[in-house]
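# Close look at the chain arrangement
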Amino acid sequence: MSVQRLTLACQKKGRLADGGFDLLKRAGVKLAYGRDQLLRRAENLPLDLMLIRDDDIPSFVATGACDYGIVGENELYESMERSPRLADLEVALKLGFARCRLKLAAPVDGEIQTVEDLQGRSVATSYPGLTEKYLRERGIDAEMVEMGGSVEVAPRVGVADAICDLVSTGATLEANGLRAFETVFESEAVLIRRKEALDPSIDETADLLVQRFEGVIASRQTKYILLNAPTDRIEEVRAVLPGTDAPTVAPVVGRDDVVAVHAVCTEEVFWSTLERLKAVGARSILVMPIEKMMA
Ligand code: ATP
Ligand code: MG
């Protein structure tokens, strides 16, 4: 039986593409060079990438043009709000990058300061589906003014009273004299698929890919810690190490009073963690990234 190739929809260029290609690379996917602007073939897996605009990814997966897709939750749920055809899409895995928030914002010193103030007003947004749903659930009836981009200029030019737009740092809002007052939706990149079972060989490739993505995501915040600790303070050191259950303790040549501790930490290691380790007597503390993980 011939092995069918899995087609994965990815953004051609942009924030999702950056994170998506990085994830695929870390998951060991090697892309062949090719002139094709739409399809990129993987050399070492039965996998092809279809490179399209992120807005098109949910419908490409829903219609079967692609088997899986990497897209922002904002785009996924907005598309689902607009088109009932997309109801059989599901999230296979949250990918932990392209994190952003869809926020309502209005002129800093204007009349709109809360969600309630939007009653009977207009909101410019590229996400009318998500925005209207959020407001409707709170009993607010506002007019949606759909815009493809540069939403932040809408209040200044009189196109709408407020906006609802993606925000990460808030610098764009500030530069346009706007203040965010409500978060409508929190988003990150996700791997999507149709709910139905696929061809067994495609499912097999998908399982492998999901497992590798999980490994990459887990290894991102997992660190390997090495340190020396006073023999009689190991328990205190252990209590400070985030997300470790069984560190390895090894002797240090020529020192009875000191041991070497090696531990895998599954939670983020902050500077404050190192300072607390030092305070309980740890010395020569090294924090190292983990490249790959498999349970
Ligand atoms: P396309 O040409 O594919 O339509 P685009 O302009 O719609 O591109 P990008 O700006 O690359 O898309 O954003 C793609 C996705 O990245 C967004 O839908 C969102 O999920 C996420 N994103 C957007 N802005 C930010 C941000 N400031 N920080 C992190 N992620 C973001
Ligand atoms: Mg887009």
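Here we summarise the structure given alongside this text. Just so you know, the residues in each chain are numbered from 1, in the order the chain's sequence is written. As a convention, the first chain written is A and the first ligand written is 1, with the rest following in written order. Only residues with pLDDT of 70 or above have their local features reported here, since the model is predicted, and side-chain atom pairs are shown and tallied only from 80 upward, although totals for entire chains, interfaces and linings are computed over all residues. Values shown for side chains rest on all heavy atoms present in the structure; no hydrogens or waters enter the calculation.

### Some words on the sheet that holds strand 15 (residues 283-289)
What counts here: Two strands qualify as a pair provided that DSSP identifies no fewer than 2 bridges between them. Secondary structure follows DSSP: runs of H or I at least 4 residues long count as helices, runs of E at least 2 residues long count as strands, and numbering of each begins at the N terminus. The axes are straight lines fitted to the C-alpha atoms, using for helices just the contacting stretch, and the angles between their N-to-C directions are given from 0 to 180°.
Strand order across the open sheet formed by 4 strands is 13-14-12-15, with antiparallel pairing between neighbours. Unpaired on one side and paired on the other, strand 13 (248-252) and strand 15 mark the two borders of the sheet. Each strand of the sheet is rotated relative to its neighbour by a mean of 20°, with strand direction disregarded. As defined by bridge partners, strand 12 (residues 223-230) adjoins strand 15 across 5 bridges and the pair is classed as antiparallel. Bridge assignment links Lys 223 to a residue of strand 15, and that residue is Pro 289.

### A look at the packing of helix 1 (residues 15-26) against helix 7 (residues 200-221)
We count it as follows: Reported orientations rely on four angle classes, namely roughly parallel under 35 degrees, roughly antiparallel over 145, roughly perpendicular from 65 to 115, and oblique for the rest. Whether two residues are in contact is decided by their heavy atoms: any pair within 4.5 Å suffices. In this count, Pro and Cys sit with the nonpolar residues alongside Ala, Val, Leu, Ile, Met, Phe, Trp and Tyr, while Asp, Glu, Lys and Arg are called charged and the others, Gly among them, polar.
Relative to each other, helix 1 and helix 7 sit at 105°, their axes nearing to 9 Å. If you check the angle between helix 1 and helix 7, you find them roughly perpendicular. For the pair helix 1 and helix 7, the contacting residues are Asp 22, Leu 23, Leu 24 and Arg 26 in the first and Phe 213, Val 216 and Arg 220 in the second. Here the residues of the contact of helix 1 with helix 7 are counted per class, giving 4 nonpolar, no polar and 3 charged.

### Side note on the sheet that holds strand 7 (residues 122-125)
A sheet is described by the order of its strands in space; here 5 strands give the open sequence 8-7-9-6-10, paired in mixed fashion. Pairing within the sheet leaves two strands with one partner each, and these edge strands are strand 8 (143-146) and strand 10 (178-187). Strand-to-strand, the axes of this sheet are offset by a mean angle of 30°, without reference to chain direction. Judged from the 8 bridges that link them, strand 6 (residues 100-107) and strand 10 form a sheet pairing that is antiparallel. Its bridge partner being in strand 10, Arg 101 is matched across the sheet by Glu 186. Of the strands in this sheet, strand 6, strand 7, strand 8, strand 9 (162-167) and strand 10 are in contact with helix 4 (residues 128-137), which crosses strand 10 at around 100°.

### A closer look at the packing of helix 3 (residues 73-82) against helix 4
Between two packed helices, both the angle of their axes relative to each other and the distance between the axes serve to describe the pair. Direction vectors running N to C along helix 3 and helix 4 enclose 75°, while the axes themselves pass 7 Å from each other. One finds that helix 3 runs roughly perpendicular with respect to helix 4. Residue-level contacts link Asn 74, Tyr 77, Glu 78, Glu 81 and Arg 82 of helix 3 to Pro 128, Gly 129, Leu 130 and Lys 133 of helix 4.

### Side note on the nonpolar core
The criterion, for reference: For our purposes a nonpolar core is just a set of buried Ala, Val, Leu, Ile, Met, Phe, Trp, Tyr and Cys residues, chained together by side-chain atoms within 4.5 Å. Between buried and exposed lies partly exposed: a residue is buried under 20% and exposed over 50% of the maximum accessible area for its type, with that area taken using a 1.4 Å probe on protein chains only.
Membership of the largest hydrophobic core comes to 27 residues, with the highest contact counts inside it found for Leu 8, Leu 47, Leu 95, Leu 191 and Phe 213. Every element with two or more residues in this core is listed here: strand 1 (6-11), helix 1, strand 3 (47-52), strand 4 (68-72), strand 11 (189-194) and helix 7. Here the element with the most residues in this core is helix 7; it accounts for 6 residues. Excluding anything up to four places from it in sequence, Phe 213 contacts Leu 23, Leu 24, Ala 27, Leu 93, Leu 95 and Leu 191. Counting residues in hydrophobic clusters, the runner-up holds 19 residues, among them Leu 102, Ala 106, Leu 130 and Ala 142.

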